[in-house]
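# Inside the fold
For reference, the chains in residue letters:
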Amino acid sequence: MFKEYDVIVVGAGHAGCEAAAAAANLGSSVLLVTMNMETIAQMSCNPAMGGVAKGQIVREIDAMGGYSGIIADKTTLQFRMLNKSKGPAMWSPRAQNDRKRFAEEWRLALERTPNVDFWQEMVGSLIIKNNTVVGVKTALGVEIMGKAVVLTNGTFLNGIIHIGEKKFGGGRTGEKSATGLTEQLTELGFEAGRMKTGTPPRVDGRSLNYSLMEEQWGDENPGRFSYTNVERPTDQRCCWITYTNANVHETLKEGFEKSPMFTGRIKGLGPRYCPSIEDKINRFAERERHQIFVEPEGWNTCEIYVNGFSTSLPEDVQYKALTQIPGFENAKMFRPGYAIEYDYFPPTQLGLTLETKLISNLFFAGQINGTTGYEEAASQGFIAGINAHQKVKDQHELIMKRSESYIGVLIDDLVTKGTEEPYRMFTSRAEHRLLLRQDNADIRLSPIAHKLGLINDERLAIVNKKVENSDAIVEFTRKQGVEMAEVNELLETLGTATLNQNVKLFNVLSRPQVGIEDIRKVNKPFDELLNNFDQETVEQAEIKIKYESYFEKENEIVNKMQKMEDKSINPEFDYNKLLSLSKEAREKLLKIKPRTLGQASRISGVSPSDISVLMVHITK
Ligand code: FAD
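All values reported here derive from a predicted model rather than from experimental measurement. (Residues numbered from 1 in each chain as written. Predicted model: local features only at pLDDT ≥ 70, side-chain atom pairs only at ≥ 80, totals over all residues. Heavy atoms only, no water.)

## Examining the overall build of the protein chain
The secondary structure content of the protein chain amounts to 20 helices and 22 strands. Taking 2.2 N^0.38 as the reference for a compact globule, 620 residues should give roughly 25 Å; the C-alpha atoms of the protein chain span a radius of gyration of 26 Å, in line with that estimate. Dimensions of the protein chain, computed from the C-alpha atoms along their principal axes, are close to 80 × 70 × 50 Å. Split into buried and exposed, the 620 residues of the protein chain put 58% on the buried side. Summarising the internal contacts of the protein chain: among those between residues at least 6 apart in sequence, 72% fall at separations of at least 24. As presented, the protein chain carries roughly 26200 Å² of accessible surface, and 49% of it is formed by carbon and sulfur atoms. (Helix = DSSP H or I, 4+ residues; strand = E, 2+ residues; numbered from the N terminus. Rg over C-alpha atoms; globule rule 2.2 N^0.38 Å. Buried < 20%, exposed > 50% of the residue type's maximum accessible area, 1.4 Å probe, protein only. Contact = heavy atoms within 4.5 Å. Areas by Shrake-Rupley, 256 points an atom, 1.4 Å probe, with all protein chains shown as cover.)

Below, the structure written as structure tokens:
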């Protein structure tokens, strides 16, 4: 019934979809096996993409030819650039999306990708020969052969859903859990653990009183995720903000004795930074209120997502508490919130390509690796899909560096340090975040994708033009003078010191208070020059001017650290021979098998003196 595929992707969540698209776009024949084709790229929780650090990841995937940014743009309900008042390293695109349209566009995109076949069924086990995966076996007993397999099972492996004292098997509400794989993998020697996550109730938007809430509109000139000019809605929808109060908290507390979390029925650890409302009340008892974002689920539905109210308390307690929130007095509930517990595999069992160390040609990506979030999942799927293709086609592997991408930080953190609680990305996890900005993901990563064959010459030419043109603007400002009389009035209104001599434009523009748009109004030649360029190019030039010295310093640090990253270590190096290493370091190094001295230095338990020992031996 089936040919032998180059790559079989198990699961069509955010990781699986990007994995299938990447491998197929590189030229692999791909089979995407998923339990339910109606839920391809389902947003299990919040219908939103991006946010702090996550938005940067979506831009990075897009810069390399992935689809998440394009799909997010096409299905945007509302777009906001978060942290615009801070420096550009913190600017983070975030979109509220139409849940149904998002899934529909993903399915369309995959159906339009040559080389992707589909099969709807549960994969119950892997076919393994000589420690290499060679295919999958489905619940119906169908055997499908593939040269590489990417597992992206999300929250489905032995998933158990909890609502109050009720619990039942499920991978997501209304969907069955997946069985068999964890059992087989643990028999093969893999270590597995349990994690949990939760989601809020959904309500009927027609039953809410929006006049009691604060409106929250999107940006006036909305940005986008994709560097391509994909078409997207011109309109935006409003979201709202409201707050819990003491009554809501008291009502929720009535349900604590039936809470699956507080009574210990849920064993897995939940996402620290996305706690349930009961967790927030418990942990931050001093807080009188918590913010609730009231977000539409789509263009053509009245369903509302109650962001900030994730809960697994009994449904009647959820309902009673909801109706005490301002604006929710007459709320009708569509679906209760719930928590879900699922199996994951500690990611230290993977290499930096996301291939497992135990079984060749087997890759893991997404929530199965202990992460949380669509963006984290999508980026891992993308890299696993690329590496699965590269492996079966005997091409070089792709390892993303920490200094060039958030994706590199994410994967390096996972496989080097592991994670015991759901891992989500933050800007603070990236030591070089000044360089890893949402505005330059194309400059950083499109050349890599072009070399691989994931983006074409035309797309790379656009990126090169952006660099060339923004450099030309910067050079112009270094040469073009500005007269005191021209700008002093403006400088005064902007609250910055006036000039006492004529200077170059660069000099004035490097002040934080002075924007490029302000200066072009008072300097005609500059305005004429900028008229030739698009907004992104102008913005890029402004960032270069304002942060030039910071970027130079950061690049120096990267270059220094690169020396450690360039010192490669044979993954089979026998650390047992190095008796001067501490016992803990030896054990950890044998387990993680770092690829470079830099990676070794990030393993917890490997001290600077252990690194000195290693340095002597690997450079011998
Ligand atoms: P998923 O999106 O879970 O997709 C897994 C796919 O694999 C599905 O298509 C499934 O059908 C398929 N599959 C599984 N097993 C098999 C099998 N054996 N054979 C064939 N197909 C299989 N993230 C946040 O950032 N914040 C949150 O607050 C948050 N809350 C969440 C609440 C809930 C209730 C859930 C379920 C998830 C939540 N998430 C949250 C997580 C977010 O949904 C995931 O991180 C993201 O969807 C993971 O993507 P994935 O591709 O790894 O897996």
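Picking up after the structure, the text goes on.
## Examining the side chain of serine 28
Mapped onto the secondary structure, serine 28 falls in the loop between α1 (14-26) and β2 (30-34). Since its relative accessible area comes to 0%, serine 28 is described here as buried. Within polar-contact distance, the side chain of serine 28 engages the side chain of histidine 389 at 2.7 Å. (Polar contact = N/O pair within 3.5 Å; in protein donor to acceptor, adjacent residues only side chain to side chain.)

## Some details on the site of the ligand
Not every one of the 35 residues close to the ligand is listed here, only the nearest: His14, Ala15, Val123, Gln367 and Gly373. With respect to the ligand, the side chain of serine 44 contributes an N or O atom lying 3.2 Å from an oxygen atom. Contact distances for the ligand include 2.2 Å between an oxygen atom and a side-chain N or O atom of glutamine 367. Relative to its unbound accessible surface of 980 Å², the ligand loses 96% to contact with the protein. Elements that contribute at least two residues to the shell around the ligand include exactly α1, β2, β12 (193-199), β19 (338-344) and α9 (374-392). (Near = heavy atom within 4 Å.)

## Points about the domain arrangement of the protein chain
Structurally, the protein chain comprises domain 1 (5-196 + 342-451), domain 2 (202-339), domain 3 (467-556) and domain 4 (567-619). The centre of domain 1, based on its C-alpha atoms, is set 29 Å off from the matching centre of domain 4. Residue-level contacts link eleven residues of domain 1 with seven residues of domain 4. Taken together, both faces of the contact between domain 1 and domain 4 bury some 820 Å²; the carbon and sulfur share is 51%. If you look at where domain 1 meets domain 4, you find two salt bridges. Between arginine 602 and aspartate 412 there is a salt bridge; the shortest N-O distance is 2.6 Å. Scanning the region where domain 1 abuts domain 4 turns up five residue pairs in polar contact (both at pLDDT 80 or more). (Domains from an automatic or database assignment. Buried area = accessible area lost by both parts, 1.4 Å probe. Salt bridge = Lys/Arg side-chain N within 4 Å of Asp/Glu carboxyl O.)

## Looking at the environment of glutamate 143
Following the sequence through the fold, glutamate 143 ends up in strand β9 (residues 143-151). For glutamate 143, a relative accessible area of 47% gives the class partly exposed. Taking the C-alpha atoms as reference points, glutamate 143 and isoleucine 127, separated by 16 residues in sequence, lie 8.1 Å from one another. Those residues in contact with glutamate 143 that sit more than four places away from it in its chain are Ile127, Val136 and Lys137.

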